[in-house]
Amino acid sequence: MTTKLYLDGAWTDAGAGGTRDVISPHDQRVIATVAEGDADDATTAVLAARRAFDTGPWRTTTAKARGEVVRAIGDLVVEHLDEFARRETLDTGKPLADSVTDMHDIASVFHYYAGVADAHGGRVVDAPSPDVVSRVQREPVGVCTQISPWNYPLLQASWKLAPALAAGNTVVVKPSEQTPLTTLYLVELIDEHLDLPPGVVNLVLGAGAAVGQPLTSHPAVDLVSFTGGVATGRRIMAEAAATVKKIALELGGKNPNIVFADVDLDVAADHALTAVFLHAGQVCSAGARLLVQDEVHDALVQRIVDRLPEITLGDGFVDGVRSGPLISAEHRDKVESYVAIGLEEGANLAAGGSRPDDPALADGFYYLPTVFTDCTSKMRIVQEEVFGPVLTVERFRDEEQAVALANDTIYGLAAAVWTDDVSRAQRVANALRCGTVWINDFHPYFPQAEWGGYKQSGFGRELGVAGFEEYTETKHVYQNLRPGSAGWL
Ligand code: NAD
């Protein structure tokens, strides 16, 4: 297994010799020891990407050829899917079947952007004179640094890498220090199988505090794409401001799942469970706020609580396990502190609220699926992202109140509305201030449709055509076919 930094087309140890043990969240085993870079390594990566962009052939390679490279990366993911999935489960603890799904999604992202690469070159503009030719063309932005989180390590990296390469940029990829294995493996396969010029793809490993500053503030960087927490996003925005970089921020969410009384409650309960407890709630779009119409509140909550024992916690490599651990001891501490806050605030603990007592899970960072009822939108447990298996339930009276409650957080990433009334579904979808709205479903996404946040969930879009355009500049080229007097003097 390659464990080094990839700088300017070569595998290298961290300059200062640093290493980091990567820990399994299931049992705290050391699963790999990888290089731990510092600011000097990150600067080396940025300068390599700068050189490759300014002097190398990549930027001027045809869009079709770039698309073929991006397609080949997708093919590599498919060919090595089992190993990718194994590493993702080792790193994150998520069930192997979920990692397999992620890998199929990742391959689809590369295959989608392979087709987008040569489909958005620009357009000819209807100029103000017949003696003018005017066109608007799309060009790569330049050096892009791409910082991703630990919950969907390779998936989040692929949303950035695929469009950036398709558009002709050079990149410095920085996975979370907690989950670097699949990003390392992808870069290893790119290095082995594809003939990319040195410096087009660089990989920096290390903690955000150690390697973050050059990635977000070095003058040679043109664009920073970040997925992670809101607090880090604010810091990165400030760092990038001094040199006025383009930035895209995919931040957290506190996503409302609104259930009206006219739906099939078994179906709504089934999806409400997946919405919040998938990957132990460590999903940016998790449906962590359940809003239920008064008439069906008790019946829906009962159905959810009754089904909690079906969520088998355990080793992601064991068949039948539906949920793995939280990512780290620190993160479980955070989740536990939010449960304590919920209790202090007067929410009613309807289920969970503790670590499991199964001795087989004692070495992992497990936490039971937890449900709070009697919640109000003033509570911190309702307003703040817990990023764990904690569901808060609020009641609403009517459509107007449901929308007002749903919009009442600083976040705006995703939401769902459940109703059999098609007009109401559309009205509510239009009124919700967030980047994705599901009607009678929760969680599906695909590469053709844009993803991103309103409000403090961030800005910029990933996926879809907009996810490609983030990585392009727009240039207007105007040519006068009959140059003569300017007509001013
Ligand atoms: P985080 O903000 O702690 O870290 C994310 C990444 O940023 C990591 O690679 C980390 O090393 C790096 N980083 C930390 N400090 C940095 C700095 N000062 N400069 C540069 N890089 C720095 O987030 P996390 O805990 O890894 O991820 C969880 C968060 O990610 C949640 O809030 C979740 O909602 C969010 N998320 C959002 C989306 C989305 O699409 N909107 C998707 C997945 C996760």
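Everything discussed here concerns the structure shown above.
Residues numbered from 1 in each chain as written. Predicted model: local features only at pLDDT ≥ 70, side-chain atom pairs only at ≥ 80, totals over all residues. Heavy atoms only, no water.

**Some details on the nonpolar core**
Selection criterion: Think of a nonpolar core as a cluster: buried Ala, Val, Leu, Ile, Met, Phe, Trp, Tyr and Cys residues, connected wherever their side-chain atoms sit within 4.5 Å. In this scheme, a residue with accessible area under 20% of its type's maximum is buried, one over 50% is exposed, and one in between is partly exposed, where area comes from a 1.4 Å probe on protein chains only. By the convention used here, residues are in contact when the closest approach between their heavy atoms is within 4.5 Å.
The biggest cluster of nonpolar side chains holds 120 residues, and the ones touching the most others in it are Tyr 113, Leu 186, Leu 290, Leu 300 and Ile 304. Leave out the neighbours within four places in its chain, and Leu 290 touches Asn 257, Val 259, Ala 272, Leu 300, Ile 304, Leu 391, Thr 392, Val 393 and Glu 394. Formed by 16 residues, the second largest nonpolar core is a distinct cluster that contains Val 335, Tyr 338, Met 379 and Val 386.

**A short note on the site of the ligand**
This is how it is decided: We define proximity as follows: a residue is near a molecule or strand when any one of its heavy atoms falls within 4 Å of that partner. The term polar contact refers here to a pair of N or O atoms within 3.5 Å; inside protein, the definition further demands a hydrogen-donor-capable atom paired with an acceptor-capable atom, and it admits residues adjacent in sequence only when both atoms are side-chain atoms. Helix and strand definitions here come from DSSP, where helices need a minimum of 4 consecutive H or I residues and strands a minimum of 2 consecutive E residues; each element is numbered from the N-terminal end. Note on residue categories: nonpolar means Ala, Val, Leu, Ile, Met, Phe, Trp, Tyr, Cys or Pro, charged means Asp, Glu, Lys or Arg, and polar means any other residue, Gly included.
Taken together, the neighbourhood of the ligand is formed by 27 residues, with Lys 174, Glu 177, Thr 232, Leu 251 and Glu 385 sitting nearest. Within the backbone of Ser 148, one N or O atom sits 2.7 Å away from an oxygen atom of the ligand. Measuring from an oxygen atom of the ligand, one finds a side-chain N or O atom of Glu 385 at 2.6 Å. Where the shell around the ligand is concerned, the elements lending two or more residues are helix H7 (208-217), strand S10 (223-227) and helix H8 (230-241). If one sorts the elements of the shell around the ligand by residue count, H8 sits on top with three residues. Within the shell around the ligand, the residues separate by chemical class into eleven nonpolar, eleven polar and five charged.

**What to know about the environment of Glu 192**
Relative to the elements of secondary structure, Glu 192 occurs in helix H6 (residues 181-193). Residue Glu 192 is classed as exposed on the basis of its relative accessible area of 53%. Polar side-chain contacts of Glu 192 include one of 3.5 Å to the side chain of His 193.

**Focus: unusual backbone geometry**
Look at Asp 374: it is not a glycine, yet its phi comes out positive at around 55 degrees. You can call Asp 374 partly exposed: its relative accessible area is 47%. A positive phi angle is found at Leu 463, which is not glycine, with a value near 65 degrees. Tracing the sequence through the fold places Leu 463 in the loop between strand S21 (458-459) and helix H15 (464-469).

**Describing the sheet that holds strand S19 (residues 436-439)**
Put simply, the rule reads: One bridge is not enough; two strands pair if DSSP finds at least two bridges between them. Note on geometry: axes are lines fitted to C-alpha atoms, helical ones only across the stretch in contact, with angles between N-to-C directions running from 0 to 180 degrees.
Taking strand neighbours across the sheet as the criterion, the seven strands line up as S14-S15-S16-S13-S12-S18-S19 in an open arrangement whose pairing is mixed. Looking at the sheet topology across the chains shown, the edges are occupied by strand S14 (348-351) and S19. Neighbour-to-neighbour, the strand axes of this sheet turn through a mean angle of 25 degrees, independent of strand direction. Of the pairings in the sheet, the one linking strand S12 (residues 256-259) to strand S13 (residues 289-293) comprises four bridges and is parallel in character.

**A few points about the packing of helix H2 (residues 63-79) against helix H5 (residues 153-166)**
Put simply, the test is: Reported orientations rely on four angle classes, namely roughly parallel under 35 degrees, roughly antiparallel over 145, roughly perpendicular from 65 to 115, and oblique for the rest.
The N-to-C vectors of H2 and H5 enclose an angle of 155 degrees; their axes lie 8 Å apart at closest approach. With respect to each other, H2 and H5 are oriented roughly antiparallel. Contacts between H2 and H5 pair Arg 66, Val 70 and Ile 73 from the former with Ala 162, Leu 165 and Ala 166 from the latter. Taken together, the residues of the contact of H2 with H5 break down into five nonpolar, no polar and one charged.

**What about the pattern of salt bridges?**
This is how the line gets drawn: Put simply, a salt bridge is a Lys or Arg side-chain nitrogen that is within 4 Å of an Asp or Glu carboxyl oxygen.
Inspection of the entire model under this criterion finds 27 salt bridges. A salt bridge links Asp 27 to Arg 29; the nearest nitrogen and oxygen atoms lie 3.0 Å apart. With relative accessibility at 25%, the residue Asp 27 sits in the partly exposed group. The salt bridge partner of Asp 131 is Arg 482, with a shortest N-O separation of 3.2 Å. Here the residue Asp 131 occupies a position in the loop between strand S5 (122-124) and strand S6 (132-140), and Arg 482 occupies one in the segment after strand S22 (472-480), the gap between them amounting to 351 residues. Overall, the relative accessible area of 62% leaves Arg 482 in the exposed class. Linked by salt bridges that have partners in common, Arg 50, Asp 54 and Asp 222 make up one network.

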